[in-house]
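Results of the structural survey
So the chains spell out like this:
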There are 2 protein chains.
Amino acid sequence: MKLDARKLKILQAIINDYIITAEPVGSRTVAKKYDLGVSSATIRNEMSDLEEMGYLEQPHTSAGRVPSDKAYRLYVDKLMKVRRLNDQEAEYIKELYQNKIMQLEQVIFQTAKVLSEITNYTSIALAPQLSKVTIRHIQLVPVDMDFALLVVVTSSGILKDTLIRIPEGMDNEFLNKISNILNDKFQGKTFSEIDLKDLSAVREAFKENQKFFNSLVDVLTSSFHVSQEKEVFMGGTTNIFKLPEYQDILRARAFLNLMEEKDLLYHILASSQNNGVKVSIGTENTHEELRDYSIVTATYSLGDRILGTIGVIGPTRMEYSRAVSVMDHMGKALSNYLTKLYGK
Amino acid sequence: MKLDARKLKILQAIINDYIITAEPVGSRTVAKKYDLGVSSATIRNEMSDLEEMGYLEQPHTSAGRVPSDKAYRLYVDKLMKVRRLNDQEAEYIKELYQNKIMQLEQVIFQTAKVLSEITNYTSIALAPQLSKVTIRHIQLVPVDMDFALLVVVTSSGILKDTLIRIPEGMDNEFLNKISNILNDKFQGKTFSEIDLKDLSAVREAFKENQKFFNSLVDVLTSSFHVSQEKEVFMGGTTNIFKLPEYQDILRARAFLNLMEEKDLLYHILASSQNNGVKVSIGTENTHEELRDYSIVTATYSLGDRILGTIGVIGPTRMEYSRAVSVMDHMGKALSNYLTKLYGK
DNA sequence: GTTAGCACTCTCCTTTATCGAGTGCTAAAA
DNA sequence: TTTTAGCACTCGATAAAGGAGAGTGCTAAC
């Protein structure tokens, strides 16, 4: 059976309608609302064909039909017209990145927030992954008699710092000396390459301050490494309540529980590392838990290095044209902003 | 009418039962489950009295009775036995604050998380309020040819920093000079006291680097001031789904929407500044939106200065004894931790 | 003052009936 | 051969009706 022009038109009509209404679409609806010049009976026959071909599904015998994941895939790849952002949306995004000096994590957080506001879906965003980034500069800065700030600047301009207690009577000179040692040892390495075995030489330089040495290493390996790494930012988690299919408490709950699975979300975002926008529809997702959802992601970068991923998640009945255009725009805007601010 | 010993016993039984089951409690239930040595008819009479006195309410004629806010207040003040934490809970809290060097905000975030895990309610926590805190030390630290780190240490040991772009060719000496000027001008002041009018003298010192001056001031006033100020951390937002009264989608939604009102939550937390644990029950809350919820808060401090507030929010049918003991314990543990780490 | 007994109320759950949207099939029309 | 009108049939959704059960308040006896 061939997917001729009329079948395509009908399919498109059904997808459009279902995306808007969330109700199974019947042949009469298509005949009336979309002017195809044929009767509902003809459309009925075509729909039957489309179902046989795997593009449509029937929730039950006496209901209309619903697009399958395969149909959405076709829609995304071939049928949909990519929508441009309207002025208001573009303006909103522009404003976000204008004139503001933010900590990198704040930027990502705000991006997620705006993303969810514009799309009305739930947004997820991955902060830059430290494991991919090398250490450019380490500096211990005294702030106080008791505390110093351990500052690490990375190759991508990302900065990480932690307050750290210093032993009594330790002077600036010693701090500088340590900074130099750390730089010698770690410059150009990634955080994950900081190897405990490597450190015996460094340890000696600390002489009687072994405790200080330990806490320094602790901070460098654990604090910078694990906890920050899997940070997933989210926005608009409760947006799903606006959608009719989540008026069911069990579904809503399932979704919200999913959103608490930070590890899972992290893997989803981390796995899409191809430059640009990517759409994963329902069963296309490798993760079992996601087979009822679609995810649209985009990467963001600093210069030509991909730093992380942002995305929106929603029902497979997603406004793909809208989502794709917003993600595309946003990914680029964020990259621009970062490059302008942190690039050299 | 007097609230005699038997009435109290009956009231206590009803409250206990309702807290556990979330079902209106009938006279027969009280007679059977709680051994009071009288028949259900007697209890029925007493319950009628208790309703007249305002301690009980009836959802409808043929239902059992439900404690009123007044009853909960009595319960919290007089009736409940304050429960001690069990070993597992105490251990969990202890572990949280052990051996970890965290950014202050991370500490608060983790505290909120643990709080929600232990209580099974939604937790909210207020980060230390910068407006209350004075500036101890400002330092511009060069990290790079293009960037410096603006570090501000506050009187409470809290540290704030932001990466800031520096003009080309600006050397360390000049940065130090600026740091000194900023210190001269702002040491001992709060962030809200940073007055733009004051700055004309400082501005001159920057000579041709007016743009740099502007961004510095921008960061000091806006970035440190507004955005961080109202930061409310939350944990376990979806815990309410475990409670039977939130199986109703409208209620669940109302609650989640409430949790998105960061400003409101901020005010609630900021308003409870009396040292120690505070319980607000239903209509006792000044905010209209909260009249169906109860909130248990505790303050945390550094030394003897109150820094912020943590709390849990749930239905008025809350396990107060549990919540109060956890909040009490947690507030103190957090204060201890902070004092040990940042106090001098 | 306490309690057994009982009529009465009201929600909740189940059953039954009805409605209507939508389908698939057939046979006639184009 | 394709399209269409007509029609019987299916099945979910909604409403109405009918208990069942929990709980109350009142009365009268203990």
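As the structure is a computational prediction, the values presented were derived from the model and not from experiment.

1. Quick look at the domain arrangement of chain A
Residue and element names in this part refer to chain A. With domains assigned, chain A is organised as domain 1 (5–79), domain 2 (87–127 + 231–342) and domain 3 (131–229). Here the C-alpha centroids of domain 1 and domain 2 sit 29 Å apart. Note on domain 1 versus domain 2: buried area summed over both sides is about 920 Å², and carbon and sulfur give 63% of it. If you sort the residues of domain 1 by the area they bury against domain 2, Ile 19, Asp 69 and Arg 73 come out on top, with a joint share of 52%.

2. With respect to the side chain of A:Asn183
Examined against the element boundaries, A:Asn183 turns out to sit in helix H7 (residues 172–186). Apart from the residues within four sequence positions on either side, A:Asn183 is in contact with A:Arg136, A:His137 and A:Ile138.

3. Remarks on the protein's contact with DNA strand D
Of all residues adjacent to DNA strand D, which total 21 residues, the nearest are A:Arg6, A:Thr42, A:Thr61, A:Ser62 and B:Ser27. Backbone sugar and phosphate groups make up 76% of those atoms of DNA strand D lying within 4 Å of the protein. The side chain of A:Arg44 places a nitrogen or oxygen atom 3.3 Å from a base oxygen of DNA strand D. Among the elements of the structure, helix H3 (40–52) of chain A together with helix H2 (27–33) and helix H3 (40–52) of chain B are those that each provide at least two residues to the surface near DNA strand D. Per element, the largest residue contribution to the surface near DNA strand D is four residues, and it comes from H3(A). Counted by class, the surface near DNA strand D contains four nonpolar, 13 polar and four charged residues.

4. Considerations on the protein's contact with DNA strand C
Residues in contact with DNA strand C amount to 21 residues; listed here are only the nearest, A:Ser27, A:Arg65, B:Thr42, B:Thr61 and B:Ser62. Atoms of DNA strand C within 4 Å of the protein belong to the sugar or the phosphate in 75% of instances, the rest to bases. Contacts to DNA strand C include B:Arg6, whose side-chain N or O atom sits 2.8 Å from a phosphate oxygen. For the surface near DNA strand C, the elements supplying multiple residues, two or more each, are helix H2 (27–33) and H3 of chain A together with H3 of chain B. At four residues, the largest contribution of residues to the surface near DNA strand C is made by H3(B). Residue classes in the surface near DNA strand C are distributed as four nonpolar, 13 polar and four charged.

5. A few points about the sheet that holds strand E8 (residues 277–281) of chain B
Backbone hydrogen bonds are what pair the strands of a sheet, in a parallel or an antiparallel way. Residue and element names in this part refer to chain B. Taken in spatial order, the five strands make up an open sheet running E7-E3-E10-E9-E8, and their pairing is antiparallel. Because the sheet does not close on itself, it has two edges, and the strands there are strand E7 (232–235) and E8. For this sheet the average axis-to-axis angle between neighbouring strands, irrespective of direction, equals 20°. As defined by bridge partners, strand E3 (residues 122–126) adjoins E7 across four bridges and the pair is classed as antiparallel. In the sheet register, Ser 123 faces E7, and the bridge partner there is Gly 235.

6. Side note on the packing of helix H10 (residues 249–260) of chain B against helix H11 (residues 262–271) of chain B
All names here are of chain B. One can describe the packing of H10 onto H11 by two numbers: an axis separation of 5 Å at closest approach and a directional angle of 75°. If you check the angle between H10 and H11, you find them roughly perpendicular. Residues Leu 258, Met 259 and Glu 260 of H10 touch H11, and the partners they reach there are Lys 262, Leu 264 and Leu 265. By residue class, the composition of the contact of H10 with H11 is four nonpolar, no polar and two charged.

7. Examining the side chain of B:Gln139
Residues and elements named next belong to chain B. Counting through the fold element by element, Gln 139 comes out in strand E4 (residues 135–142). The class for Gln 139 is buried, based on a relative accessible area of 19%. Within the structure, the side chain of Gln 139 is placed 3.5 Å from the side chain of Asn 176, a separation counted as a polar contact. The residues contacting Gln 139, other than those within four sequence positions of it, are Leu 149, Leu 150, Val 151, Asn 176 and Ser 179.

8. Focus on unusual backbone geometry
Residues and elements named next belong to chain A. Even without glycine at this site, Ala 22 takes up a positive phi of about 65°. Considering the arrangement of structural elements, one finds Ala 22 in the loop between helix H1 (5–21) and H2. Taking relative accessible area as the criterion, Ala 22 reaches 17% and is therefore assigned buried. At Asn 120, a residue that is not glycine, the phi angle is positive and equals roughly 65°. The topology assignment puts Asn 120 in the loop between helix H6 (104–119) and strand E3 (122–126).

9. Section: the packing of aromatic side chains
Residues and elements named next belong to chain A. All told, the structure shown has 12 aromatic pairs over all chains when counted by the stated rule. A centroid spacing of 5.1 Å and a plane angle of 35° characterise the contact between Tyr 97 and Tyr 337, whose relative ring orientation is tilted. Note that Tyr 97 is positioned in the loop between helix H5 (87–96) and H6 and Tyr 337 in helix H12 (residues 320–342), a separation of 240 residues in sequence. The pair Tyr 97 / Tyr 337 is uniform in exposure class, with both members buried. Three or more aromatic residues joined by ring pairs form one cluster here, namely Tyr 246, Phe 255 and Tyr 293. Positioned above the aromatic ring of Tyr 55 is the side chain of Lys 70, whose terminal nitrogen or guanidinium carbon lies 4.5 Å from the ring centre.

10. Describing the pattern of salt bridges
Residue and element names in this part refer to chain B. Inspection of every chain in the model, using the stated rule, returns 24 salt bridges over all chains. A salt bridge links Glu 89 to Arg 83; its shortest N-O distance comes to 3.5 Å. Arg 83 gets classed as partly exposed once you look at its relative accessible area, which sits at 26%.

11. Notes on the sheet that holds strand E7 (residues 232–235) of chain A
Residue and element names in this part refer to chain A. The strand order across the open sheet built from five strands is E7-E3-E10-E9-E8, with neighbouring strands paired in antiparallel fashion. Pairing within the sheet leaves two strands with one partner each, and these edge strands are E7 and strand E8 (277–281). This sheet shows a mean twist of 20° between the axes of neighbouring strands, independent of strand direction. Strand contacts of helix H10 (residues 249–260): E3, E7, strand E9 (293–302) and strand E10 (305–315), with the helix running at about 25° to E9, the strand carrying the most contacts. Across the sheet, H12 touches E8, E9 and E10, and the angle it forms with E9 is around 20°.

Definitions and cut-offs
Residues numbered from 1 in each chain as written. Chains lettered and ligands numbered in written order. Predicted model: local features only at pLDDT ≥ 70, side-chain atom pairs only at ≥ 80, totals over all residues. Heavy atoms only, no water. Domains from an automatic or database assignment. Buried area = accessible area lost by both parts, 1.4 Å probe. Helix = DSSP H or I, 4+ residues; strand = E, 2+ residues; numbered from the N terminus. Contact = heavy atoms within 4.5 Å. Near = heavy atom within 4 Å. Polar contact = N/O pair within 3.5 Å; in protein donor to acceptor, adjacent residues only side chain to side chain. Nonpolar A, V, L, I, M, F, W, Y, C, P; charged D, E, K, R; others polar. Pairing = 2+ DSSP bridges. Axes fitted to C-alpha atoms, helices over the stretch in contact; angles between N-to-C directions. Parallel < 35°, antiparallel > 145°, perpendicular 65-115°, else oblique. Buried < 20%, exposed > 50% of the residue type's maximum accessible area, 1.4 Å probe, protein only. Phe/Tyr/Trp six-rings, centres within 6.5 Å; stacked < 30°, edge-to-face > 60°. Lys NZ or Arg CZ within 6 Å of the ring centre and 35° of its normal. Salt bridge = Lys/Arg side-chain N within 4 Å of Asp/Glu carboxyl O.

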